[in-house]
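# Structural description and commentary
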Amino acid sequence: MAKQLVVRLRADGTVDAETIGMHGAECLDHIEALEALLDAETVSSRFTEDYTTASVEGRTRLEAEQKDGAS
């Protein structure tokens, strides 16, 4: 899946943004860049399943590599 940053500008002037296809903390860099472009600050956020899935996969891979190295 291609990486996307979906931005929605609401009638009241607020902005919603969602990252798609980004894993782990990679999404935070894109949101930070959007804040800089808009001279804005995030007031509410949550991590998507992609963020937590990537964290679990990375930890599992690291644990496996450590086991292999210890043998």
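Predicted model only: the values in this text are computed from it and were never measured.

The rules we used
- Residues numbered from 1 in each chain as written.
- Predicted model: local features only at pLDDT ≥ 70, side-chain atom pairs only at ≥ 80, totals over all residues.
- Heavy atoms only, no water.
- 1 Å grid on protein atoms, 1.4 Å probe; cavity = no way out; pocket = protein on both sides within 12 Å on 5 of 7 lines; lining within 4 Å.
- Points joined across faces, edges and corners; volume = space filled by probe spheres on them.
- Helix = DSSP H or I, 4+ residues; strand = E, 2+ residues; numbered from the N terminus.
- pLDDT = per-residue confidence, 0-100.
- Pairing = 2+ DSSP bridges.
- Patch = residues over 30% accessible without salt bridge, like charges linked within 9 Å, V, L, I, M, F, W, Y side chains within 5 Å.
- Areas by Shrake-Rupley, 256 points an atom, 1.4 Å probe, with all protein chains shown as cover.
- Salt bridge = Lys/Arg side-chain N within 4 Å of Asp/Glu carboxyl O.
- Buried < 20%, exposed > 50% of the residue type's maximum accessible area, 1.4 Å probe, protein only.

In this structure, the largest pocket encloses a volume near 750 Å³. Surrounding the largest pocket, 23 residues form its lining, Ala17, Ile31, Thr42, Ser44 and Ser45 being those nearest its centre. Contributing elements (two or more residues each) for the lining of the largest pocket: strand S2 (15-20) and helix H1 (26-38). The element best represented in the lining of the largest pocket is H1, accounting for 7 residues.

Looking now at the confidence of the model for the chain. Summarising the model, the chain shows a mean pLDDT of 79, and 73% of its residues fall at 70 or more. Predicted confidence in the chain is weakest over helix H2 (residues 49-70), with a mean pLDDT of 61, and strongest over strand S1 (residues 4-9), with 92.

On to the pairing of S2. Moving residue by residue along a regular strand, the side chains alternate between the two faces of the sheet. Pairing of S1 with S2, which is carried by 6 bridges, proceeds in the antiparallel orientation. Its bridge partner lying in S2, Val6 is registered against Glu18.

Turning our eyes to something else, we now look at unusual backbone geometry. Phi at Asp39 takes a positive value of approximately 50°, unusual for a residue other than glycine. Among the secondary structure elements, Asp39 is positioned in the loop between H1 and H2.

Right, let's talk about a nonpolar patch on the surface for a bit. Together, Leu5, Val7, Leu9, Val15, Leu37 and Leu38 line one region of the surface with nonpolar side chains, adding up to about 560 Å² of accessible area. Those elements that place two or more of their residues in the nonpolar patch are S1 and H1. In terms of residue count, S1 provides more of the nonpolar patch than any other element does, 3 residues in total. Among the secondary structure elements, Leu38 is positioned in helix H1. Since its relative accessible area comes to 44%, Leu38 is described here as partly exposed.

On to the pattern of salt bridges, then. According to the stated counting rule, one finds 3 salt bridges in the structure shown. For the salt bridge of Lys3 with Glu26, the shortest nitrogen-to-oxygen distance reads 2.5 Å. Here the residue Lys3 occupies a position in the segment before S1, and Glu26 occupies one in helix H1, the gap between them amounting to 23 residues. Using a relative accessible area of 53% as the deciding quantity, one classes Lys3 as exposed. Between Arg8 and Glu18 there is a salt bridge, with its nearest N and O atoms 3.2 Å apart.

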